[in-house]
Amino acid sequence: VTSATLAEAYAHMTQRLPGSDQAVEWMLAVTGVKQDRLRTLEHLIDVKLSSQSAVNAGFDMRDFARIAVTLHEQGSPLHAIFHSHPSSGAPSPSAVDWRLQDLLDKGGYPAIQAVFSQDGYVRFFARHPFNLTVSGKGVERVDPNIHLYRLVHFGTLPRPGDASSPGRT
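These figures come from a predicted structure and were not determined experimentally. (Residues numbered from 1 in each chain as written. Predicted model: local features only at pLDDT ≥ 70, side-chain atom pairs only at ≥ 80, totals over all residues. Heavy atoms only, no water.)

Caption draft 1: Inspection of the pairing of strand β7 (residues 78-84) at higher detail. The element β7 is extensively covered by neighbouring structure, given that seven of its seven residues are classed as buried. In the sheet, strand β1 (residues 27-31) pairs with β7 via five bridges, with the strands oriented antiparallel. Opposite Thr31, over in β7, you have Leu78 as the bridge partner. Viewed along the sheet, the connection from β7 through helix α3 (residues 95-106) into strand β8 (residues 112-116) turns out right-handed. (Buried < 20%, exposed > 50% of the residue type's maximum accessible area, 1.4 Å probe, protein only. Helix = DSSP H or I, 4+ residues; strand = E, 2+ residues; numbered from the N terminus. Pairing = 2+ DSSP bridges. Right-handed = clockwise from strand over helix to strand, strands pointing away.)

Caption draft 2: Representation of unusual backbone geometry in the model. Positioned with a positive phi, Asp36 is a non-glycine residue whose angle comes to about 55 degrees. In this structure, Asp36 sits in the loop between β2 (34-35) and β3 (38-39). The exposure class assigned to Asp36 is exposed, which follows from its relative accessible area of 66%. Not every positive phi belongs to a glycine, and His147 is a case in point at roughly 55 degrees. Tracing the chain through its elements places His147 in the loop between β10 (139-143) and β11 (148-151).

Caption draft 3: Quick peek at the confidence of the model for the protein. Here the protein averages 89 in pLDDT, and 93% of its residues register 70 or above. Ranking the helices and strands of the protein by mean pLDDT puts strand β9 (residues 121-125) first, with 97, and strand β5 (residues 49-52) last, with 86. (pLDDT = per-residue confidence, 0-100.)

Caption draft 4: How the structure looks around the sheet that holds β10. The strand order across the open sheet built from seven strands is β4-β1-β7-β8-β9-β11-β10, with neighbouring strands paired in mixed fashion. Both outer strands of the open sheet, β4 (43-46) and β10, are each paired with one neighbouring strand and no more. Within the sheet, the average angular offset between the axes of one strand and its neighbour, ignoring direction, is 25 degrees. With four bridges connecting them, β10 and β11 associate as antiparallel partners. Residue Val139 lies in a different strand from β11, and its bridge partner there is Leu151. Along the sheet, helix α2 (residues 61-74) makes contact with β1, β4 and β7, crossing β4 at roughly 145 degrees. (Axes fitted to C-alpha atoms, helices over the stretch in contact; angles between N-to-C directions. Contact = heavy atoms within 4.5 Å.)

Written out as structure tokens, the structure is:
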């Protein structure tokens, strides 16, 4: 995963609901390249949420199923689920997060998860062993034993169609 992808995910995960100042949980599906045992986490997919609050977020299962089918048809497997906890400090997976991991494993998705905190911590986790490499600048490794990182640069790259993208007038 690149530091730019993590910064983009963080920007999504820490947004506020329109008209509200309350921090809520957000979720994204993530895919990327799969070659042999190597999987990249590079394409963030916004899935409709069926529930969302300061202590909970859940995918709309119809939208998630539609996206899962599209990914399968394109040969792009689900590699990760990113979500946020609207708290500060190093996040820990909740019991709900672990139940989701069990569902992913039972469903045949060898995906990992990452939970983001409001102050830039990111913890990756799964029931199965995995290695993680973060490339680029702007992310520091805090504790490799629990795959804990912290964003120290929060800027995101322009996206196609953004008014700030090069070549736009």
